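# Understanding the architecture of this molecule
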Amino acid sequence: MLLNFDRLGWWKLVLVGITLLTSAFLLLPILFIAALSFGSSQWLIFPPPGWTLKWYQELFADPRWLESAWTSFRIAVIVTVLSVLLGLVTSFGLTRGRFIFREALKALFLTPMILPVVVLAVALYAFFLQIGLNGTLTGFVISHLVLALPFSILSITSALEGFDKSIEDAAVLCGASPLEAKIRVTLPAISHGVFSAAVFSFLTSWDEVVVAIFMSSPTLQTLPVKVWSTLRQDLTPVVAAASTLLILLTVLLMVLAALVRKGLKS
Amino acid sequence: MLSRIDAQTTRPQTAARIRRSTDFDLTLPALGLLVLFFVVPVVILLARSVTEPAPGLGNYAELLGSSTYLRIFANTFIVSGLVTLVSLVIGFPVAWALAIMPSRAASIVFAILLLSMWTNLLARTYAWMVLLQRTGVINKMLMGIGLIDQPLPLVNNLTGVTIGMTYIMLPFIILPLYGVIRKLDPAILQAAALCGANRWQALTRILLPLTLPGMAAGALMVFVMSLGYFVTPALLGGTANMMLAELIAQFVQSLVNWGMGGAAALVLLVVTLALYAVQLRFFGTDRMGGG
């Protein structure tokens, strides 16, 4: 009755109504920003009096925006590579190893996910001040890696747990070295987990803002930090343009992830 | 004969190779990273709360003795509670609808949920800053239809933070609840109907009680996440309703007071971990999915 869509009666209208409103609530701000980034009014009037590309021109003409985007991209790529490699090695240890602290260790690896980011940000900021890593690319990479690694470990361990290890053992018995068996037999079988680890790691680093606010220096800042500091001054439509590009990248990654998932399945 | 010796010598070797490949030391690089750049910095920060400027609990006395700081604690809990409540009230019907909708419609709603979840946090917060401002679309619309004469103060206050945070937290409550409702057996509700229950009775006596553990778990998660939020409250809230995360950042960044910053961080950590312990104790991960 209540769990049968066709037998809900007029309750169906209420449920569908709330779902439609909520979907609109979730979607509209995103579309709104994209529309405003092409609006000609500096005061973000909607509907805009005319359409223009000048905010994008301003965005691309300003070397600081481009530089911060490039910084974000470099950091995200390095973090993704390290996070996937480290995630792979760690996940093998966690799923295959038989040692007493395994569950505790697993929990420890996931804690950066649940602790308030601001605590990590402030703690790393103090630590990096002392060892001179603030405002450096290394500092950014390390701090983003700490945040991305749990997602990587989570994706890869769950893929590894679903993989029958005896297939890998069979390869070893047939003469492959353990490493060779992992690379040529296990890795292709868990590639969906590795791929989602990469996507999660990239987006975690690319979108990270709280730690980045503390890590950044006047000469080195990521795109979200640039957006943040611009927003603290005014609501310029240039931020709408930057936000639209950020959203576009997200949509592209989501579509790519969906396509790869489909490709892996078939 | 030769082949038998061969088999005897290679087999243990292969077995040893397989066993060696399952070792604990594979987790050491990540463990090192985490200890050096997570555990140690956090411990040092917390230690500074009892050593700076003077050894002792002075920072905590100041933090808990001042009405300004107590107001920030209270505000943090009020905002988080409000966001949790609103998310739950909106999220439950959506999760319910999603669980029973025709799959094509459901997948569109899912795509919207995921898109919103993955869209850059600052982009989403910026959208609300623009939408809610005095001359923003929402005020203009309300004035246009004659509901209000003066623009409502929707941003830089509790209303702004609640709208912005609820927007961010909704997917985090809808997705787990969807999982819970999806797993319920429709036969239980059919049985209720056969026994003469009307829709309202079935909802309040069967569906809600069965999903209650899932709701509690989701609500607790949203509450904990909200407690530590920094960006959205800082941009959508006013100075009058600062939250704990912003206070920590301010102690460290503008006041360079590491002792107080560490003390406030410890308060946030303790509350967060305590609530997580509650979550694990009462709704352990498997019960979260099973209802």
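Given the structure is predicted, the values throughout are model-derived calculations rather than measurements. (Residues numbered from 1 in each chain as written. Chains lettered and ligands numbered in written order. Predicted model: local features only at pLDDT ≥ 70, side-chain atom pairs only at ≥ 80, totals over all residues. Heavy atoms only, no water.)

### Quick look at the overall build of chain A
Helix and strand content of chain A: 12 helices and zero strands. In terms of C-alpha radius of gyration, chain A reaches 23 Å, well past the compact-globule figure of 18 Å for 266 residues. Based on the C-alpha atoms only, the size of chain A along its principal axes is roughly 70 × 65 × 30 Å. A total of 266 residues make up chain A; the buried ones form 55% of that total. A separation threshold of at least 6 residues defines the contact pool for chain A, and within that pool the share at least 24 residues apart is 70%. On chain A, roughly 12,000 Å² of surface is accessible, and the fraction owed to carbon and sulfur atoms is 70%. Charge centroids of chain A, computed over 17 positive and 13 negative side chains, lie 4 Å from each other. (Helix = DSSP H or I, 4+ residues; strand = E, 2+ residues; numbered from the N terminus. Rg over C-alpha atoms; globule rule 2.2 N^0.38 Å. Buried < 20%, exposed > 50% of the residue type's maximum accessible area, 1.4 Å probe, protein only. Contact = heavy atoms within 4.5 Å. Areas by Shrake-Rupley, 256 points an atom, 1.4 Å probe, with all protein chains shown as cover. Lys, Arg positive; Asp, Glu negative; His and termini not counted. Charge placed at Lys NZ, Arg CZ, Asp CG, Glu CD.)

### Some details on the UniProt feature "domain: ABC transmembrane type-1" (unreviewed entry) in chain A
In the numbering adopted here, UniProt assigns the feature "domain: ABC transmembrane type-1" (unreviewed entry) to residues 69-257 of chain A. Secondary structure content for residues 69-257 of chain A is 83% helix and 0% strand, while the C-alpha to C-alpha distance between its ends is 22 Å. (UniProt positions renumbered as here; feature names shortened; annotations may be inferred.)

### Overview of the UniProt feature "transmembrane region" (unreviewed entry) in chain A
Residues and elements named next belong to chain A. Taking the numbering used here, the UniProt-annotated feature "transmembrane region" (unreviewed entry) corresponds to residues 12-38, 73-95, 107-128, 140-160, 194-215 and 235-260. For residues 107-128, helix accounts for 91% and strand for 0%, while the C-alpha atoms at its two ends are 25 Å apart. Within residues 194-215, the helical portion is 91% and the strand portion 0%, while the C-alpha atoms at the span's ends are 28 Å from each other.

### Concerning the pattern of salt bridges
In a structure, side chains of opposite charge can pair up when their charged atoms sit close to one another. Residue and element names in this part refer to chain A. Counting across every chain of the model gives seven salt bridges over all chains. Across the pair Glu-168 and Lys-182 runs a salt bridge whose closest N-O atoms are separated by 3.5 Å. Placement of the pair is Glu-168 in helix α7 (residues 165-173) and Lys-182 in helix α8 (residues 178-189), with a sequence separation of 14 residues. Take Glu-168: its relative accessible area is 2%, and that puts it in the buried class. What emerges from the salt-bridge pattern is a single network uniting Arg-96, Glu-168 and Lys-182. (Salt bridge = Lys/Arg side-chain N within 4 Å of Asp/Glu carboxyl O.)

### A look at the interface of chain B and chain A
Across the contact, 87 residues belong to chain B and 91 residues belong to chain A. Taken together, the two surfaces of chain B and chain A that pack against each other cover about 8,200 Å², and 83% of this comes from carbon and sulfur. At the boundary of chain B and chain A, one finds zero salt bridges. At the boundary of chain B and chain A, one finds five residue pairs in polar contact (both at pLDDT 80 or more). Classifying every residue of the side of chain B that touches chain A gives 69 nonpolar, 12 polar and six charged. (Buried area = accessible area lost by both parts, 1.4 Å probe. Polar contact = N/O pair within 3.5 Å; in protein donor to acceptor, adjacent residues only side chain to side chain. Nonpolar A, V, L, I, M, F, W, Y, C, P; charged D, E, K, R; others polar.)

### A few points about the packing of aromatic side chains
A full pass over the atoms with the stated rule returns 22 aromatic pairs over all chains. Aromatic side chains Trp10(A) and Trp11(A) sit 6.3 Å apart centroid to centroid with 70° between the ring planes, which places their arrangement in the edge-to-face category. Classification of Trp11(A) by relative accessible area gives buried; the value is 13%. With centroids separated by 6.0 Å and ring planes inclined at 40°, the aromatic side chains of Phe77(B) and Phe223(B) adopt a geometry described as tilted. Note that Phe77(B) is positioned in helix α4 (residues 67-100) and Phe223(B) in helix α10 (residues 199-227), a separation of 146 residues in sequence. Given a relative accessible area of 37%, Phe77(B) falls into the partly exposed group. On the basis of relative accessibility, which here comes to 16%, the residue Phe223(B) falls in the buried class. A connected cluster of aromatic rings, assembled from ring pairs, spans Trp10(A), Trp11(A), Phe92(B), Trp96(B) and Trp200(B). Cation over ring: Lys182(A) sits above Phe92(A), and NZ or CZ is 5.4 Å from the ring centre. A cation sits over an aromatic face here: Lys226(A) above Trp65(A), 5.2 Å from the ring centre. (Phe/Tyr/Trp six-rings, centres within 6.5 Å; stacked < 30°, edge-to-face > 60°. Lys NZ or Arg CZ within 6 Å of the ring centre and 35° of its normal.)

### Let's talk about the confidence of the model for chain B
Predicted coordinates in regions of low pLDDT should not be interpreted in detail. All names here are of chain B. The predicted model of chain B averages 87 in pLDDT, with 89% of residues at 70 or higher. By mean pLDDT, the top-scoring element of chain B is α4 (95), and the lowest-scoring one is helix α14 (residues 285-290) (40). Segment residues 1-9: pLDDT under 50, and one contact once partners within four positions in sequence are set aside and those in other chains are kept. Below pLDDT 50 for its whole length, residues 286-291 participates in 14 contacts with residues either more than four positions away or in separate chains. (pLDDT = per-residue confidence, 0-100.)

### Digging into the domain arrangement of chain B
One frequently used descriptor of interface size is the decrease in accessible area upon assembly of the parts. All names here are of chain B. By domain assignment, chain B separates into domain 1 (1-49) and domain 2 (59-288). Taken together, the contacts link five residues of domain 1 with nine residues of domain 2. With both sides pooled, the region where domain 1 packs onto domain 2 buries about 600 Å², and carbon together with sulfur makes up 69% of that total. Between the two partners, domain 1 and domain 2, sit zero salt bridges. Put simply, domain 1 and domain 2 have two residue pairs in polar contact (both at pLDDT 80 or more) between them. Grouping the amino acids of the side of domain 1 that touches domain 2 by side-chain chemistry returns three nonpolar, one polar and one charged. (Domains from an automatic or database assignment.)

### Notes on the UniProt feature "domain: ABC transmembrane type-1" (unreviewed entry) in chain B
According to UniProt, the positions carrying the feature "domain: ABC transmembrane type-1" (unreviewed entry) are residues 73-279 of chain B. Between the end C-alpha atoms of residues 73-279 of chain B there is a gap of 21 Å, over a span that is 80% helix and 0% strand.

### Details of the packing of helix α11 (residues 223-233) of chain A against helix α6 (residues 121-132) of chain B
Where α11(A) contacts α6(B), the axes come no closer than 11 Å and their chain directions differ by 20°. One element, α11(A), and the other, α6(B), form an angle in the roughly parallel class. In this structure, α11(A) meets α6(B) at a crossing whose hand is left-handed. Along the contact surface, α11(A) presents Pro224(A), Val227(A), Trp228(A) and Leu231(A), while α6(B) presents Leu122(B), Tyr126(B) and Met129(B). (Axes fitted to C-alpha atoms, helices over the stretch in contact; angles between N-to-C directions. Parallel < 35°, antiparallel > 145°, perpendicular 65-115°, else oblique. Left-handed = near helix turned anticlockwise from the far one by under 90°.)

### Focus: the UniProt feature "transmembrane region" (unreviewed entry) in chain B
Residues and elements named next belong to chain B. UniProt's entry tags residues 26-47, 72-98, 105-123, 161-181, 206-231 and 251-278 with the feature "transmembrane region" (unreviewed entry), counted in the numbering of this structure. For residues 161-181, the helix share is 100%, the strand share is 0%, and the end-to-end C-alpha distance is 29 Å. Helix makes up 88% of residues 206-231 and strand makes up 0%, while its end C-alpha atoms are separated by 39 Å.

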